[in-house]
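Remarks on the overall topology
Spelled out from the first residue to the last, the chains are:
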Amino acid sequence: MVIDKEKLKKSVKLFLEAIGEDPDREGLKDTPERIVRLWEEFKSHETFNMTIFEDIGEYSEMVVVKDIQFYSLCEHHLLPFFGKAHIAYIPEKKICGLSKLVRVVNKFAYRPQVQERLTSEIAEFLQEELNPKGVAVVLEAEHLCMSMRGVKNPTSYTVTSKLLGAFMDNEKTRNEFLNLINNGK
Ligand code: ZN
């Protein structure tokens, strides 16, 4: 999906007017254009090459990448929520480059989202691409729509998880993952 730049510019200008600002004043006059560039950058995360290695021999240990910093936008208020993603999978003949896990998070994060759906989308995408024995995704995030409005203590985090395959069926595997991501906290 390509951004409709003119429509976006007009709507940002209207939004500024609606909240009582003068969109032509010095600090705001380039804001619609800046927001267009920002969203073009956000959208650029949607497509990337998922490099997959298929010749991994007998390797079937859990692959864990923790503390992946991510930024997303809550779709209810269009304010950021951000935090850490922890991802694990147990390969079945296929693995991907570790940096690709970061790209997968960003693919689904840079759009209006809810944390629960972001968590599932990452897990299901990896399940589909790698067809592993299991996938686990845990996200911990602060939501500015809550912190800024004082609904919630700003130091509290929302935690969501999606467990597929072996992480769902096997308690030992699940605990191993949870111990790994909680280690050092
Ligand atoms: Zn919100």
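Here the structure is a predicted model, which means the values were calculated and not measured.

Cut-offs used in this document
Residues numbered from 1 in each chain as written. Predicted model: local features only at pLDDT ≥ 70, side-chain atom pairs only at ≥ 80, totals over all residues. Heavy atoms only, no water. Pairing = 2+ DSSP bridges. Helix = DSSP H or I, 4+ residues; strand = E, 2+ residues; numbered from the N terminus. Contact = heavy atoms within 4.5 Å. Axes fitted to C-alpha atoms, helices over the stretch in contact; angles between N-to-C directions. Core = buried A, V, L, I, M, F, W, Y, C linked by side-chain atoms within 4.5 Å. Buried < 20%, exposed > 50% of the residue type's maximum accessible area, 1.4 Å probe, protein only. Donors = N, O, S within 2.8 Å, 3.2 Å for Na, K, Ca; no water. Phe/Tyr/Trp six-rings, centres within 6.5 Å; stacked < 30°, edge-to-face > 60°. Parallel < 35°, antiparallel > 145°, perpendicular 65-115°, else oblique. Left-handed = near helix turned anticlockwise from the far one by under 90°.

1. With respect to the sheet that holds strand β3 (residues 80-90)
- Strand order in this open sheet of five strands is β5-β2-β3-β6-β7, and the pairing throughout is mixed. With one partner strand each, in any of the chains shown, β5 (112-113) and β7 (158-165) form the two edges of the open sheet.
- Relative to strand β6 (residues 134-143), β3 is paired through ten bridges, and the arrangement is antiparallel. Across the sheet, Gly83 pairs through a bridge with Ala141, a residue of β6.
- Sheet contacts for helix α3 (residues 98-109): β2 (63-74), β3 and β5; angle to β2, the most-contacted strand, approximately 20°.

2. Digging into the nonpolar core
- In terms of nonpolar packing, the biggest core is built from 29 residues, with Phe70, Ile87, Leu101, Val104, Leu118, Ile122 and Leu126 touching the most fellow members.
- Within the residue set of this core, elements represented by two or more residues are β2, β3, α3, α4 (115-130) and β6.
- If one sorts the elements of this core by residue count, α4 sits on top with six residues.
- When sequence neighbours within four positions are dropped, the list of residues in contact with Leu118 reads Phe70, Ser72, Phe81, Val105, Phe108, Ala109, Gln113 and Leu139.

3. Regarding the pairing of β6
- Where burial is concerned, most of β6 is hidden: ten out of the ten residues are buried.
- Burial along β6 is two-sided: the face carrying Gly134, Ala136, Val138, Glu140 and Glu142 and the face carrying Val135, Val137, Leu139, Ala141 and His143 are both buried.

4. Observations regarding the coordination of the zinc ion
- Those protein atoms acting as donors to the zinc ion are Cys74 (SG), His77 (ND1) and Cys145 (SG), and they sit at 2.2 to 2.3 Å.
- Read from N- to C-terminus, the donor residues coordinating the zinc ion fall into the pattern C-x2-H-x67-C. Of the two residues, Cys74 sits in strand β2 while Cys145 sits in helix α5 (residues 144-147), which places them 71 residues apart along the sequence. Grouping residues by exposure puts Cys74 and Cys145 together as buried.

5. Topic: the packing of aromatic side chains
- As enumerated under the stated definition, the model contains six aromatic pairs in all.
- For the ring pair Trp39 and Phe42, a centre distance of 5.0 Å and an interplane angle of 75° mean the geometry is edge-to-face. Of the two residues, Trp39 and Phe42 both sit in helix α2 (residues 31-43), three residues apart, roughly one turn of that helix. As far as the burial class goes, Trp39 and Phe42 line up, both buried.
- Taken together, a centroid distance of 6.2 Å and an interplanar angle of 75° make the contact between Phe70 and Phe81 edge-to-face. Of the two residues, Phe70 sits in strand β2 while Phe81 sits in strand β3, which places them eleven residues apart along the sequence. Like Phe81, Phe70 is buried.

6. Details of the packing of α3 against α4
- For the pair α3 and α4, the least separation of the axes is 9 Å and the interaxial angle reads 135°. One element, α3, and the other, α4, form an angle in the oblique class. Judged by the twist between their axes, the crossing of α3 over α4 is right-handed. Contacts between α3 and α4 involve Leu101, Val104, Val105, Lys107, Phe108 and Ala109 on the former and, on the latter, Leu118, Glu121, Ile122, Phe125 and Leu126.

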